[in-house]
Amino acid sequence: MDMNRTESLRKRDKAVLWHPFTQMADWEKDEPLVIERGEGNYLFDTDGNRYFDGVSSLWVNLFGHRRKEIDDAVRAQLDTLAHSTFLGLTHPPAIELAEKLLAAAPPGLSRVFYSDNGSTAMEIAIKMAFQYWRQKEGGGKKAAFLTLSEAYHGDTIGSVSAGGIDLFHRIFRPLLFSTRRLPTPHCYRCPYGLSRPSCGLYCADRMEKEVRDAKDHLAAAIVEPLVQGAAGMLMMPEGYLARLRAVTRECGVLLVCDEVATGFGRTGAMFACDHEGVVPDILAVAKGLTGGYLPLAATLTTEEIYRGFLGRYEEFRTFFHGHSYTANPLGCAAALGTLSLFGKEDVLGRVSGLSAAMEKSLASLAAHPNVGDIRQKGLMAGIEIVADRPAKERFPSERKIGQRVARKARERGVIIRPLGDVIVLMPPLSSTEKEIEDLADAAGWAIREVLSAEGPLR
Ligand SMILES: *Cc1c(COP(=O)(O)O)cnc(C)c1O
């Protein structure tokens, strides 16, 4: 293998690049993998090593790399039109994709507004909800947002405002708008110190009270339905989402669901909302939309909200928002190729079998003294590593346990990326049962290897 080429690429990278969510001082000392090829559920580096894509290329890939149906769709589009503006013009792939998206989405959503990524899809959701109430008779006071602690909705200023991950957001606080924040509904570390089922879903009682008390001021409640992904795969207790929908509807508050991570089968249903029969007023999708091929996002909404923006030109009720690459035709073609696979195969049935296999494989890790919690919904899983299991105490961050486990797993031919000390497993929906077992096995091995070398906490 051409080691010199890899070395040279690493050197050139370190000379000119700045990577996302990366401490570059560490990166400069590291020997990062240089990925040059993908095939099915695997990535190949410049030295010819093969790795299972254990986090679906950061949660975007659904059906593997170089999937024929998606490749063909993008190629055919490339022969027709790569891009034209969507401001004042339209094109066939955007129209067809909007129809297909709405058919797949929870019933009652009827309009699609395109953008490029999850953050902008959420930025649009926030601006749309805000402007809707500004323009609605008697809605002027409804300008606040109800959000969840530890939420993640992206990295732009608006989506950071709606988010609640202190580590990412603290420094930007002076730039952010404030929101009314509810504690994370999450059972492993219940914010109320209760446990299920004796709690009687107290978190939902508190949430309902907050919505009722603040309803005159609330434009919308914003949540990641069922799984707060970036927070560390925190699972919303069953029933919470349905109750949030019921109370927001009762109180005239919009519900914005951010399905950027959970959308397109990842949780075992097409959308996480479907598990509880919930139809939001605004739904944001991105990541899996193009099967992990190209940047494209969409914000779906109802006819009611859409109509709130209609009027004579000079009334300026227009939604003044758009991007140069809004509805990029290549992205739309990739998304059409991706959605066609849901029609061709029983994807959700398959995910149900795979998630059962994953649950079974992960169960064997539960006995490890440093595994505090194993959380899973469909093919989204988090294994939380703790220093002290009864106290649920975390390791100090300088020990970089999560990073070291992920790094170790590479020796078993697996690429994963942790969230702090939560080891995330999010394999493509096209994985086989054997691949899922091997992934869980590699993660378990890496956890044992790293932890066995670890000294006591104090
Ligand atoms: C990843 C993510 C986003 C941001 O999407 P980008 O495409 O990275 O901007 C927003 N919300 C959730 C729930 C996400 O997981």
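Note that the structure is a prediction, hence the values are computed from the model and not measured.

As for helix H15 (residues 433-452)
Line of reasoning, step 1. Along its 20 residues, H15 runs 28 Å from first to last C-alpha, staying within 8% of the 28 Å computed at 1.5 Å per residue.
Line of reasoning, step 2. Within H15, the full set of buried residues consists of Glu435, Ile436, Leu439, Ala440, Ala442, Ala443, Gly444, Ala446, Ile447, Val450 and Leu451.

Examining the pairing of strand S1 (residues 35-39)
Line of reasoning, step 1. In terms of strand pairing, S1 meets strand S2 (residues 42-45) through four bridges, oriented antiparallel. Each residue of the ladder has a partner; that of glycine 38, found in S2, is leucine 43.
Line of reasoning, step 2. Where S1 hands over to S2, the hairpin turn is made up of two residues, of which glycine 40 adopts a positive phi near 55°.

A closer look at unusual backbone geometry
Line of reasoning, step 1. The amide bond that connects arginine 196 to the next residue, proline 197, takes the cis arrangement and shows omega of -5°.
Line of reasoning, step 2. By the secondary structure assignment, proline 197 is in the loop between strand S6 (180-182) and helix H9 (202-214).
Line of reasoning, step 3. In the Ramachandran plot, serine 56 falls in the positive-phi region, its phi being about 50° despite a non-glycine side chain.
Line of reasoning, step 4. With a phi angle near 70°, leucine 226 is a residue other than glycine that sits in the positive phi range.

So, the domain arrangement of the chain
Line of reasoning, step 1. Partitioning the chain into domains gives domain 1 (33-66 + 347-452) and domain 2 (70-344).
Line of reasoning, step 2. A separation of 26 Å is found between the C-alpha centroids of domain 1 and domain 2.
Line of reasoning, step 3. The interface is formed by 34 residues belonging to domain 1 together with 31 residues belonging to domain 2.
Line of reasoning, step 4. Around 2,700 Å² of area is buried between domain 1 and domain 2 when both sides are counted, 64% of it from carbon and sulfur atoms.
Line of reasoning, step 5. Interface area lost by domain 1 to domain 2 is led by Trp59, Lys377 and Met380, which between them contribute 24%.
Line of reasoning, step 6. Summed over the shared surface of domain 1 and domain 2, the number is two salt bridges.
Line of reasoning, step 7. Linking arginine 189 and glutamate 384 is a salt bridge whose minimum nitrogen-to-oxygen distance equals 2.4 Å.
Line of reasoning, step 8. Considering every element that reaches the side of domain 1 that touches domain 2, the biggest residue donor is strand S13 (residues 371-377), with five residues.
Line of reasoning, step 9. In terms of residue class, the side of domain 1 that touches domain 2 is built from 19 nonpolar, eight polar and seven charged.

So, how was this worked out
Residues numbered from 1 in each chain as written. Predicted model: local features only at pLDDT ≥ 70, side-chain atom pairs only at ≥ 80, totals over all residues. Heavy atoms only, no water. Helix = DSSP H or I, 4+ residues; strand = E, 2+ residues; numbered from the N terminus. Expected span 1.5 Å × (residues − 1). Buried < 20%, exposed > 50% of the residue type's maximum accessible area, 1.4 Å probe, protein only. Pairing = 2+ DSSP bridges. Domains from an automatic or database assignment. Contact = heavy atoms within 4.5 Å. Buried area = accessible area lost by both parts, 1.4 Å probe. Salt bridge = Lys/Arg side-chain N within 4 Å of Asp/Glu carboxyl O. Nonpolar A, V, L, I, M, F, W, Y, C, P; charged D, E, K, R; others polar.

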